[in-house]
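Residue-level structure breakdown
Read off the chains here:
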Amino acid sequence: MTDFSLILANLFSRKLRAILMLVAIFFAFLIFGVLAGVQNGFNNIGGAAGENRLVTINKINFTQPLPISYVERVRATEGVARASYANWFGGYFQEGKNQIVTFAIDPESYLDIYATDYKLTPEERAAFLADRSSVLIGRKLAERWGWKLGDRIPLSSNIFTNKNTGKQTWELTVAGIMQPAQENADTSVAFFHHSNFNESVTFGRDTAGWIIIETADKKLNTDVSKRIDAMFANSAAETATDTEKAFNQAFVGQLGNITLIVTLVVGAAFATILMIVGNTMVMAVRERTKEIGVMKTLGFPSGRIFKMVLGESLLLSLLGGLPALGTAAVLLELMRAAVGIPGLALTLNYAVLGVAIMLALGLLTGIIPAWNALRLNIVTALGRQ
Amino acid sequence: MRILNQIIAVCSINLKSLPERFWLSFSTVMAVAMVVTVLLSFLALAAGFKRTLDGTGSEGIAIMLRDGSQQEVNSVIALDQLRLIGEAPGIVRKDDGNPLVSGELYVIVDGVRRSTGLKANLPLRGIGKDGAALRDGLTITQGRMFEPGSNEIVVGEGLIREFAGFDLGSEVRLGTGTWKVVGVFSMNGAVFESELWGDATVVQSLFRRGSAFQTVRVRLQTPESIDLLRDYVANEPRLKLEVFSEKGYFAGQSSNTVNLIKTAGWPLAIAMALGALAGALNTMYSSVASRSREIATLRCLGFGGFPSFVATLLESLVLAGIGGVIGSLGIFLFFDGFSTSTLGQGFTQIVFTVTLTPALVQQGIILALIVGLIGGFFPALRAARVPIVTAYSQG
């Protein structure tokens with residue numbers, strides 16, 4: 001009989017108890033895995049952002065527009081490789097609840113900057129650039145609504161009114177379906193021509209919601225943002241320039257302190273499970289006092305018994321925890337398909353952290369019973385009832 | 001009668017011997033307490049948020065937004081539309097015959113959170129001279145109301161609590177202008193307490209909004225006169241507006257966030273409860289196992305299986321109940337009345353207070369008892385059925 005099979009036999013000497021402990025550990029790590037994935041999703045909002053991309057917004061707040069004339073001045077700024085601009089459209093399809101993230105973009109410059117995120121065939125790109133009443137839709141939108149190339153789709157806005165029709169709807173032709181060029185790219189977006197938007201809105205003309213900048217090098221980011229903000233200081237619309245990632249994360253920060261809640265919940269779940277498992281382990285070893293005494297009598301060295309008891313709690317922890325992480329990964333996969341937050345996944349660093357916690361849990365819960373077993377005196381062990 | 005006496009006897013033996021199994025029982029109690037804490041913290045967040053929005057608005061006031069805009073921040077109403085609304089039937093008129101109406105402007109400005117130092121969106125509302133008269137329950141708790149036409153603002157109590165730099169007397173830069181804080185107002189915890197108020201015309205000029213407004217607010221003669229107003233708006237082609245009662249408008253805003261908090265809280269609590277259930281079952285099985293001789297002895301003495309069953313189940317329920325109470329108390333002591341804020345549907349922060357209501361405590365305790373009931377049932381069954389001979393033969 002190897003040590004491992006002895007450990008296994010010990011662990012399952014009371015099947016029900018072992019299974020119940022496994023269940024408790026399973027749920028603890030399931031919660032850990034799912035929350036870690038969600039956390040990762042929130043951290044990665046803006047994860048697709050290029051490192052040398054900056055966003056310039058109105059200093060008052062991002063909901064205040066910037067004069068479109070700023071774009072040329074930004075382009076002429078030292079250290080700026082490319083610049084483009086876009087407006088938030090407040091788009092929805094047919095009903096207010098079918099919200100569609102829609103931007104009115106400056107076509108060529110915007111697609112150039114975001115070529116790292118979205119893939120288009122040369123034909124689709126050419127078709128979009130040639131037709132001012134066309135729209136590009138992300139793959140996810142195309143799948144959700146069954147839109148195909150050439151479809152005419154009405155996109156409505158909950159902010160703007162179309163001067164030509166007096167309604168809040170713009171009829172647009174699908175010129176291309178954007179494929180994600182990298183894993184974190186969000187393809188539930190739609191882009192249409194800023195010039196079309198600009199000419200047909202009843203208010204807010206000749207403004208940009210934000211200016212997006214690609215710097216020549218990410219090392220220049222700080223200098224460029226200072227330069228731009230200094231250029232517009234004391235003007236009618238002062239600006240605030242930050243990296244795209246920081247800009248995106250500011251949105252998430254507004255939801256309140258999610259990180260804290262997640263940490264507290266996981267912490268609470270862990271403390272609980274640790275207590276339950278630790279307690280049960282102490283009890284299980286205590287029940288086997290006589291057995292351990294017999295083993296010692298037979299000549300098993302104390303160190304080996306120590307290792308076996310510790311091994312038992314480690315095995316328990318891993319047997320409960322590893323399937324939980326697997327289940328969490330599957331659940332996150334399903335959630336990602338449903339919610340559409342690209343970073344929603346159990347990443348390697350969280351999985352490694354999870355395994356590390358399992359080992360820590362196993363050691364912590366096993367150390368006291370193992371120590372007790374190590375020091376156990378044969379005479380007391382055999383004498384105990 | 002005999003069986004009842006037996007039950008009482010066995011139960012008291014069980015409960016009195018609980019201290020002997022202290023650590024075992026303690027882990028169950030704490031496990032259940034954690035489950036209840038997690039559940040209640042989410043539910044109390046949702047309840048606090050809902051209470052703030054439900055406590056906002058009266059049936060006697062109507063709000064109008066541009067048709068289809070859903071949110072104040074998206075809405076646009078022109079000055080001549082405001083004048084047309086003033087002629088509508090069913091709205092209260094002042095002594096001079098002019099309508100009691102306030103055209104309001106809602107712009108988003110940045111604020112800095114006291115706790116984290118991070119930026120957040122705050123609403124700056126420009127209100128008309130009748131704006132204050134259209135807010136039920138408004139009191140100025142410090143300082144005074146702003147002077148019309150000046151760069152003065154008054155600040156809600158909730159906003160001051162959560163965001164730095166708006167204390168009475170301080171100067172703040174919002175947009176292109178500098179504003180002086182001249183007063184603090186309270187409105188019984190309503191959403192408006194998360195806002196800054198200034199004069200509408202000053203906000204229009206400093207934020208370059210021309211003469212446009214975003215919402216119009218009127219006082220109704222009776223809550224039913226909202227139908228007169230709706231008919232008027234529907235028959236006037238120059239008014240493409242949607243009419244809400246103030247109460248209805250804010251109640252409609254709460255559902256999404258509240259649902260989000262609740263849908264996050266319940267699955268977490270249930271997953272944890274299943275983990276705790278495993279712990280409770282273990283405790284109770286061990287408890288039965290450690291007393292199997294004792295139970296067998298009682299059975300030899302003529303006690304039935306049923307009293308053993310009841311006693312074990314009761315022990316489990318008592319442990320879970322204590323856990324539930326500890327969990328609720330913990331939330332009550334550390335979390336109740338805790339002020340926080342989150343992003344509302346208008347893209348701005350709404351300050352609210354975490355509220356633990358008796359109904360929530362009840363839900364928490366019920367969850368705890370369910371864990372206790374299931375956790376005790378099967379071990380109790382075993383206690384009732386364990387054959388006397390086996391019990392004695394066990395080491």
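Residues numbered from 1 in each chain as written. Chains lettered and ligands numbered in written order. Predicted model: local features only at pLDDT ≥ 70, side-chain atom pairs only at ≥ 80, totals over all residues. Heavy atoms only, no water.

Applicable threshold: UniProt positions are given in the numbering used here, feature names are shortened, and annotations may be inferred rather than shown by experiment.
The name an unreviewed UniProt entry gives chain B is Peptide ABC transporter permease, with Niveispirillum cyanobacteriorum as the organism. Taken from UniProt, the Subcellular location (unreviewed entry) comment for chain B reads in full: "Cell membrane".

Within an unreviewed UniProt entry, the label attached to chain A reads ABC transporter permease, and the organism entered is Niveispirillum cyanobacteriorum. Under Subcellular location (unreviewed entry), UniProt gives the following word-for-word description of chain A: "Cell membrane".

Regarding the nonpolar core
Test applied: What we call a nonpolar core is a set of buried Ala, Val, Leu, Ile, Met, Phe, Trp, Tyr and Cys residues that are connected through their side-chain atoms within 4.5 Å. Here's how the labels work: a residue is buried when its accessible area is under 20% of the maximum for its type, exposed when over 50%, partly exposed in between, all with a 1.4 Å probe on protein chains only. Two residues qualify as a contact provided that any one of their heavy atoms is within 4.5 Å of a heavy atom in the partner residue.
Among the nonpolar cores identified, the biggest contains 97 residues, and Ile25(A), Phe29(A), Val277(A), Leu316(A), Trp197(B), Phe250(B) and Leu268(B) are the most heavily contacted of them. Setting aside chain neighbours within four positions, we find Phe29(A) in contact with Phe270(A), Gly321(A), Ala324(A), Leu325(A), Gly354(A), Ile357(A), Met358(A) and Leu361(A).

Some points on a negative patch on the surface
What counts, and what does not: A residue counts toward a patch only above 30% relative accessible area and without a salt bridge, and it is joined to like-charged neighbours within 9 Å or, for Val, Leu, Ile, Met, Phe, Trp and Tyr, to nonpolar neighbours within 5 Å. The method behind every accessible area is Shrake-Rupley, applied with a 1.4 Å probe, and residues are considered shielded solely by the protein chains displayed. Any carboxyl oxygen of Asp or Glu that lies within 4 Å of a side-chain nitrogen of Lys or Arg is treated as forming a salt bridge with it. In this tally Asp and Glu are treated as negative and Lys and Arg as positive; neither His nor the chain ends contributes. Charged side chains are reduced to one point each, which is NZ for Lys, CZ for Arg, CG for Asp and CD for Glu. Secondary structure elements are taken from DSSP: a helix is a run of H or I of four residues or more, a strand is a run of E of two residues or more, and numbering for both begins at the N terminus.
A surface patch of negative charge is lined by Glu59(B), Glu224(B), Asp227(B) and Asp231(B). You can see Asp227(B) is positioned in helix 6 (residues 226-234).

As for the interface of chain B and chain A
Just so we agree on the cut-off: By definition, the buried area sums, over both parts, the 1.4 Å-probe accessible area that each loses when the two are put together.
Between chain B and chain A, the residue contacts involve 50 residues of the former and 42 residues of the latter. Interface area, chain B with chain A, both sides summed: about 3600 Å², of which 61% is carbon and sulfur. For the interface between chain B and chain A, the tally reads 1 salt bridge. In this structure, the salt-bridge partner of Glu238(A) is Arg173(B), at a minimum N-O distance of 3.6 Å. Looking at the side of chain B that touches chain A, the elements that each hand over two or more residues are helix 2 (22-54), strand 2 (101-113), strand 3 (119-127), helix 7 (246-290) and strand 12 (339-343) of chain B.

Considering the packing of helix 2 of chain B against helix 7 of chain B
Residue and element names in this part refer to chain B. Short version of the rule: All axes are obtained by fitting lines to C-alpha atoms, using only the stretch in contact for helices, and the reported angles, taken between N-to-C directions, cover 0 to 180 degrees. Throughout, the term roughly parallel applies to angles under 35 degrees, roughly antiparallel to angles over 145, roughly perpendicular to angles from 65 to 115, and oblique to all others. In this classification, the charged set is Asp, Glu, Lys and Arg, the nonpolar set is Ala, Val, Leu, Ile, Met, Phe, Trp, Tyr, Cys and Pro, and all remaining amino acids, among them Gly, are polar.
Helix 7 packs onto helix 2 with a crossing angle of 175 degrees between their chain directions and a minimal axis gap of 8 Å. Classed by the angle they form, the pair helix 2 and helix 7 counts as roughly antiparallel. In the contact of helix 2 with helix 7, the residues fall into 24 nonpolar, 11 polar and 4 charged.

Regarding helix 10 (residues 358-385) of chain B
Residues and elements named next belong to chain B. Stated precisely, the cut-off is as follows: One less than the residue count of a helix, multiplied by 1.5 Å, gives the span that helix is expected to have. Note that the bend at a residue is defined as the angle between axes fitted to the seven residues ending at it and the seven residues starting at it.
Between the first and last C-alpha of helix 10 there are 40 Å, a value that for 28 residues agrees with the 40 Å anticipated at 1.5 Å per step. At Phe377, helix 10 shows its largest bend, some 30 degrees, and a proline, Pro379, comes one to four positions later. Turning to helix 10, its buried residues are Leu360, Gly364, Leu367, Ala368, Val371, Gly372, Gly375, Gly376, Pro379, Ala380, Ala383 and Ala384. Those residues of helix 10 that are buried lie in contact with helix 2, helix 7, helix 8 (292-300) and helix 9 (305-334).

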